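Observations on chain architecture
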Amino acid sequence: MSIFSRLLLCLLFISTTLFAQKEKPSFQVVPLGVKGGIDEKNLSAYLLAPTNTKDFICLDAGTINAGIEKASENKVFKISTSEVLRKYIKGYLISHAHLDHVSGLIINSPADSSKTVYATEKCMEMMENHYFNDQTWANFGDAGPGFHIKKYHFQTLNLEEETSLSNTKMTVKAFPLSHVNPFESTAFLIKNEDSYALYLGDTGPDSVEKSNNLRNLWTVIAPLVKEKKLKGIFIEVSFPNEQPDKFLFGHLTPNYLMKELHVLEDLAGKGALENFKIIITHLKPPAKNIVKIKEQLKNLNDLKLKIIYPEQGKKFEL
């Protein structure tokens with residue numbers, strides 16, 4: 001065999017190996033709302049589905065209709081807004097019952113199709129008692145006060161117990177978060193085959209919340225990070241570093257996010273978070289604060305994270 005032929009075979013082998021090693025995405029994400037604060041057309045809601053399917057679960061539901069319309073403008077969906085709502089969204093995972101995380105679910109419920117709403121016990125109780133109570137709003141569920149329309153099945157999640165997400169191939173495990181202790185929020189670990197995505201609702205840092213909820217969560221997911229099975233973490237940063245601790249109201253700053261992620265790296269191994277996808281959620285206006293948050297995160301990124309700022313209606317993959 002000539003030197004040229006051997007070289008060609010070597011190059012072919014290297015290119016084939018690199019192609020085989022190229023990581024295929026496991027999830028597709030369509031952000032319906034990405035902000036915290038006052039913009040009612042762009043509040044926390046993220047559609048997540050296995051790649052090459054239309055079986056989406058909605059992670060929180062602050063904005064629904066306006067987000068679907070924006071995604072359709074970006075050619076993400078080729079059917080009507082109402083059809084996306086009724087056919088593509090298979091259920092809702094609600095991290096906590098603050099209005100900026102549930103208002104889209106409530107307002108769109110008359111036009112929605114039958115599906116499941118998943119939440120932990122305290123979150124579900126708040127939604128039943130204060131929203132779907134046949135007074136503030138018609139009870140579109142199958143539990144709680146008043147007349148049950150039974151469009152939605154209200155399914156309570158037991159913490160750290162794997163639960164199938166109806167009409168999808170995905171499962172979820174719920175973990176507690178502290179959002180001004182003792183008020184609870186939730187993190188959702190979603191599994192698709194052998195891949196995972198982690199979504200955190202609003203949360204403050206352990207040091208301010210006087211809790212170990214984030215450390216406990218990092219301990220659970222550290223092996224998944226190490227084995228490269230966790231494809232990304234959705235986590236909030238609501239305020240710039242200048243925000244005093246007493247006015248954080250159960251939220252993170254760039255400093256606190258990076259401190260928490262250093263805890264995760266300590267558990268997963270040095271360098272485990274290099275190029276790892278961190279999706280920043282719940283950025284709060286004004287615009288100058290959002291600019292400041294992004295600059296501070298850039299300057300603090302000694303872990304070499306791949307930081308993603310999702311945009312409403314623009315699909316991306318994990």
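Notes on the structure in this doc start here. (Residues numbered from 1 in each chain as written. Predicted model: local features only at pLDDT ≥ 70, side-chain atom pairs only at ≥ 80, totals over all residues. Heavy atoms only, no water.)

Inspection of the entire model under this criterion finds one cavity of 30 Å³ or more. Within this model, the largest cavity holds a volume of roughly 30 Å³. The wall of the largest cavity is formed by Ser 44, His 101, Tyr 199, Leu 200, Gly 201, Asp 202, Glu 236, Thr 281 and His 282. The residue makeup of the lining of the largest cavity, split by class, is two nonpolar, five polar and two charged. (1 Å grid on protein atoms, 1.4 Å probe; cavity = no way out; pocket = protein on both sides within 12 Å on 5 of 7 lines; lining within 4 Å. Points joined across faces, edges and corners; volume = space filled by probe spheres on them. Nonpolar A, V, L, I, M, F, W, Y, C, P; charged D, E, K, R; others polar.)

Turning to the sheet that holds strand β6 (residues 152-157), a few remarks are in order. Sheet strands pair via backbone hydrogen bonds, and the direction of the pair is either parallel or antiparallel. The seven strands are arranged β6-β5-β4-β3-β2-β1-β14 in an open sheet whose pairing can be described as mixed. Across the chains shown, the open sheet's two edge strands, defined by having one partner strand only, are β6 and β14 (316-317). Of the pairings in the sheet, the one linking strand β4 (residues 89-93) to strand β5 (residues 115-120) comprises three bridges and is parallel in character. Paired with Gly 91 across the bridge in β5 is Thr 116. On the sheet, helix α5 (residues 121-130) packs against β5 and β6 and is oriented at approximately 120° with respect to β5. (Pairing = 2+ DSSP bridges. Helix = DSSP H or I, 4+ residues; strand = E, 2+ residues; numbered from the N terminus. Contact = heavy atoms within 4.5 Å. Axes fitted to C-alpha atoms, helices over the stretch in contact; angles between N-to-C directions.)

Looking now at the packing of aromatic side chains. Considering all chains together, one arrives at nine aromatic pairs under this definition. With a centroid separation of 5.7 Å and 45° between ring planes, the pair formed by Phe 132 and Phe 154 is classed as tilted. Of this pair, Phe 132 sits in the loop between α5 and β6 while Phe 154 is found in strand β6, placing the two residues 22 residues apart along the sequence. Grouping residues by exposure puts Phe 132 and Phe 154 together as buried. (Phe/Tyr/Trp six-rings, centres within 6.5 Å; stacked < 30°, edge-to-face > 60°. Buried < 20%, exposed > 50% of the residue type's maximum accessible area, 1.4 Å probe, protein only.)

Quick look at the sheet that holds strand β7 (residues 163-164) now. Spatially, β7-β8-β9-β10-β11-β12-β13 is the arrangement adopted by the seven strands of the open sheet, whose pairing is mixed. A single partner strand is all that each edge strand has here, and the edge strands are β7 and β13 (306-308). Two strands pair when backbone bridges link them, and strand β10 (residues 195-200) and strand β11 (residues 230-236) are joined in this way by three bridges, in the parallel orientation. Directly across from Leu 198, in β11, lies its bridge partner Ile 233.

Now for the packing of helix α2 (residues 65-73) against helix α3 (residues 81-88). In a pair of packed helices, the angle between the axes and the distance between the axes together describe the arrangement. Axis separation between α2 and α3 bottoms out at 9 Å; the angle between their running directions is 110°. Considering their axes alone, α2 and α3 lie roughly perpendicular with respect to each other. Crossing hand, α2 versus α3: right-handed. Here Asn 65, Ile 68 and Glu 69 of α2 lie close against α3, whose contacting residues are Thr 81, Val 84 and Leu 85. Partitioning the contact of α2 with α3 into residue classes produces three nonpolar, two polar and one charged. (Parallel < 35°, antiparallel > 145°, perpendicular 65-115°, else oblique. Left-handed = near helix turned anticlockwise from the far one by under 90°.)

With that out of the way, let us pick up α2. Restricting attention to buried positions, one finds in α2 the residues Gly 67, Ile 68 and Ala 71. Within α2, the buried residues cover an arc of 100° as seen down the axis, which keeps them to one side. In this fold, the buried residues of α2 make contact with β1 (27-33), α3 and β4. (Arc of directions from axis to C-beta.)

Counted according to the given criterion, the structure contains eight salt bridges. Of the charged contacts, one joins Lys 70 and Glu 73 as a salt bridge, the two residues approaching to 3.9 Å between their closest N and O atoms. Residue Lys 70 and its partner Glu 73 are both found in helix α2; the two are separated by three residues, about one turn of the helix. A relative accessible area of 55% means that Glu 73 is categorised as exposed. With a closest N to O distance of 3.6 Å, Lys 122 and Glu 184 form a salt bridge. You can see Lys 122 sitting in helix α5 and its partner Glu 184 sitting in strand β9 (residues 184-192), a full 62 residues away along the chain. Since its relative accessible area comes to 33%, Glu 184 is described here as partly exposed. (Salt bridge = Lys/Arg side-chain N within 4 Å of Asp/Glu carboxyl O.)

Assignment of secondary structure puts Ser 109 in the loop between α4 (99-108) and β5. Here Ser 109 falls in the buried class, since its relative accessible area comes to 0%.

Buried residues dominate β11, accounting for seven of its seven residues. Read as a crossover between parallel neighbours, the route from β11 over helix α8 (residues 254-268) to strand β12 (residues 277-281) is right-handed. (Right-handed = clockwise from strand over helix to strand, strands pointing away.)

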